[in-house]
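Working through the structure, step by step
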Amino acid sequence: MNDKRIFLKTLAVAAFATLGMGSAMAADITGAGATFPFPIYAKWAEAYKKDTGIGLNYQSIGSSGGIRQIRAKTVVFGASDAPVPGAELDRDGMVQFPAIIGGTVPVLNLDGFKPGELRVTGPVLAEIFMGKIDKWNDPKLSALNPGKTLPNQNITIVHRADGSGTTYNWTDYLTAISKDWAGTVGKGAAVKWPAASSVGGKGNEGVAANVNRIKGALGYVEYAYVKKNNMNFLQLQNAEGKYVSPDDKAFAAAAAGADWFSVPGMGISMVNAKGVDSWPVSTASFILMYKDPVDKAQSAEVLKFFDWAFKNGKGMASELDYVPLPDTLTAQIRSKVWTQIAK
């Protein structure tokens, strides 16, 4: 546990050193996009470079940025937590596949409460993010937390300022759980945030920093950033009516019934998944690559990297509370998706 905590605290430094070294070698891999999977990609990259000598230069710039860069062909792969629709993949001549599974978590800055001590339902959470509930001691929050003395303190919403797959996942959940949210805000990598008291942050890192800085704040980040920053979080009621805390087992429970090939590009939604142990805001992070890449050698190196990660990176993923893909699924990705990429 101590080793895990030490790693998380030094992750940004180690990742920068590892990923930055990638640009020095001709065979090194270039990618850009989602901040959600950055901690595990950094750890995989560090181990892969030691094993093979090949580095990874990954720009953690947000899902929308990753999609823009792969479409501009400035990187060999893009990464997005907001899956690209099948029609767009066909138009662009790209394939898409999941690389890792995790969860998005409501995080708060409220003195006097331990992580997971306070509870919330999806509909009430939607009302908070819409600005209809703007005090921590609102009767609806108090009713969900009997015996707790909630303060008469303003709630400041912290959201992503950049186009974000984490935002897509978060708003996908709020859309699924609240007709009011669905009808007025909806889901997307970027939305117009309705709460009057609302602050933006760039990347999961920026949201985490703002939540930790602003008293009374409530935001959403990927779980690795919760652990990395020792953040407080809310328990969330799932589709079975059970209040659950986020961890790799809860994310795995949400993914258990996933039918990956039911949607073009494997871009399924796992929000509000059935199962008593399921975390209701679970998601996959996806990789985008061209079927007919400009640099076929570089594209082949990307597949080698993820092939290695699927085979050797499960333990590293679990250490950071991500959920590695099962062997049956990675075998299908190799046979059904990677075979579409020209060698």
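These remarks concern the structure in this document.

**What about helix α12 (residues 248-255)?**
- Among all positions of α12, only Ala-250, Phe-251, Ala-254 and Ala-255 are buried. Seen along its axis, α12 keeps its buried residues to an arc of 140°; they face one direction.
- At its buried positions, α12 is contacted by β4 (94-108), α11 (223-228) and β12 (282-290).
- One side-chain oxygen of the residue at the start of α12 lies 3.1 Å from the amide nitrogen of Lys-249, identifying that residue as Asp-247.

**Side note on empty space enclosed by the protein**
- Scanning the model with the defined rule gives two cavities of 30 Å³ or more in all.
- Lining the largest cavity are Trp-44, Ala-99, Ile-100, Ala-309, Phe-310, Gly-313, Lys-314, Pro-324, Leu-325 and Thr-330.
- Every element with two or more residues in the lining of the largest cavity is listed here: β4 and α13 (296-312).
- When its residues are assigned to classes, the lining of the largest cavity shows seven nonpolar, two polar and one charged.

**Considering the sheet that holds strand β10 (residues 235-237)**
- Read from one edge of the open sheet, three strands run β5-β10-β11, paired in mixed fashion. On the outer flanks of this sheet lie β5 (119-120) and β11 (243-244), each paired with one strand and no other.
- Pairing analysis gives two bridges linking β10 to β11, with the strands arranged antiparallel. Counted as the bridge partner of Leu-236 is Val-244 from β11.

**A word on the environment of Leu-174**
- Tracing the sequence through the fold places Leu-174 in helix α8 (residues 165-177).
- Leu-174 gets classed as buried once you look at its relative accessible area, which sits at 0%.
- Separated by 107 residues in the primary sequence, Leu-174 and Val-281 place their C-alpha atoms 9.2 Å from one another.

**A few points about the pairing of strand β8 (residues 217-222)**
- Of all six residues that make up β8, six are buried, and the element is covered over most of its length.
- Side chains Ala-217, Gly-219 and Val-221 project from β8 onto one buried face, and the interleaved Leu-218, Tyr-220 and Glu-222 project onto a second face that is buried too.
- With two bridges connecting them, strand β6 (residues 156-160) and β8 associate as parallel partners. Paired with Thr-156 across the strands is Ala-217, a residue of β8.

Cut-offs applied
Residues numbered from 1 in each chain as written. Predicted model: local features only at pLDDT ≥ 70, side-chain atom pairs only at ≥ 80, totals over all residues. Heavy atoms only, no water. Buried < 20%, exposed > 50% of the residue type's maximum accessible area, 1.4 Å probe, protein only. Helix = DSSP H or I, 4+ residues; strand = E, 2+ residues; numbered from the N terminus. Arc of directions from axis to C-beta. Contact = heavy atoms within 4.5 Å. Polar contact = N/O pair within 3.5 Å; in protein donor to acceptor, adjacent residues only side chain to side chain. 1 Å grid on protein atoms, 1.4 Å probe; cavity = no way out; pocket = protein on both sides within 12 Å on 5 of 7 lines; lining within 4 Å. Points joined across faces, edges and corners; volume = space filled by probe spheres on them. Nonpolar A, V, L, I, M, F, W, Y, C, P; charged D, E, K, R; others polar. Pairing = 2+ DSSP bridges.

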